[in-house]
Structures are given as structure tokens and as C-alpha cells.
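Okay, here's what each chain looks like letter by letter:
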Amino acid sequence: MKSAPVGLVYVADLSRMNGPMFRNEEAQRFCAWVDTGFISQNVYLYCASANLATAVLALIPRDDLGRLMGLKDHEKIVLTQVVGNHL
Ligand SMILES: Cc1cc2nc3c(=O)[nH]c(=O)nc-3n(C[C@H](O)[C@H](O)[C@H](O)COP(=O)(O)O)c2cc1C
């Protein structure tokens, strides 16, 4: 993340996930994970088409990163993804 030209941080705002789909926090988190998978896969597809390298990173210091980004309690980091040139 430090050396990549682009670092993406996918954040779910649970306070905006209302309605019948989101009965409880488990349902909110489930949808956030699935949606983030879709988004991340689209980034993978674009990178493949543009000959760029990319990787998702889940083993991240979420609390530290959230503090650095000034996230609120209801804003949850789901995944990060780096994009760069092939080595
Ligand atoms: C959901 C998910 C989370 C991942 N988290 C990490 C991670 O935290 N750190 C890491 O080094 N690789 C992680 N990986 C693996 C990398 O994204 C990548 O797949 C791996 O480095 C192999 O990349 P390559 O196939 O382009 O060589 C994760 C993969 C997935 C699918």
C-alpha cells in the first residue's frame, strides 16, 4: 500500500443501509462484503484490460487506518486494493 501508485480503501457506511434488505447489522455486513467483492472484481477486470497489476488486501490494521481516515463508528473498512504497474 505504501509503494503502490494507487491504494483503494472500500468503506461501507452502515447508516445508509436501510430498508427491508438490512434487517440487522449482520445483513448489512453481508451486503457490504458482497458489494465490495463486485466492485473489487470490476477493478481486477479493468486492470487486466489495461495491463495493470492489482491485489486485494484484507489483513490490514483497520482501526489505525480508520482513525487516519477520520471514519465514524458506522463507517466500516471492508477491503483495500492496490493498483500499480507489473514489476
Ligand atoms: C479476500 C482476499 C484478501 C486478501 N488479503 C491479502 C492480504 O491481506 N495480504 C496479502 O499479502 N495478500 C492478500 N490476498 C492475496 C492477494 O490479493 C493476491 O491474490 C496474492 O498476492 C496473489 O497475487 P497474484 O495472483 O497477482 O500473484 C488476499 C486475497 C483475497 C482474495
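We now turn to the structure provided with this report. (Residues numbered from 1 in each chain as written. Predicted model: local features only at pLDDT ≥ 70, side-chain atom pairs only at ≥ 80, totals over all residues. Heavy atoms only, no water.)

1. Some points on the pairing of strand β3 (residues 75-84)
- Where burial is concerned, most of β3 is hidden: eight out of the 10 residues are buried.
- Summarising the sheet, strand β1 (residues 6-13) and β3 pair through eight bridges and their orientation is antiparallel. By the bridge assignment for β3, Val6 is matched with Val83. (Buried < 20%, exposed > 50% of the residue type's maximum accessible area, 1.4 Å probe, protein only. Helix = DSSP H or I, 4+ residues; strand = E, 2+ residues; numbered from the N terminus. Pairing = 2+ DSSP bridges.)

2. What to know about the nonpolar core
- Core analysis: the largest hydrophobic core is formed by 11 residues, namely Tyr10, Ala12, Leu14, Met17, Cys31, Ala32, Val43, Cys47, Val78, Leu79 and Val83.
- Of all the elements in the fold, those that place two or more residues in this core are β1, α1 (25-49) and β3. (Core = buried A, V, L, I, M, F, W, Y, C linked by side-chain atoms within 4.5 Å.)

3. As for the pattern of salt bridges
- Within this structure, the stated rule accounts for two salt bridges.
- Residues Glu25 and Arg29 are paired through a salt bridge, measuring 2.8 Å at the closest nitrogen-oxygen approach. Of this pair, Glu25 and Arg29 both sit in helix α1, separated by four residues, roughly a single helical turn.
- The class for Glu25 is partly exposed, based on a relative accessible area of 41%.
- We note a salt bridge from Asp64 to Arg67, for which the minimum N-O separation is 2.8 Å. Taken together, the positions of Asp64 and Arg67, both in helix α2 (residues 62-69) and three residues apart, correspond to about one turn of that helix.
- For Asp64, a relative accessible area of 47% gives the class partly exposed.
- Under the relative-accessibility criterion, Arg67 is labelled exposed at 61%. (Salt bridge = Lys/Arg side-chain N within 4 Å of Asp/Glu carboxyl O.)

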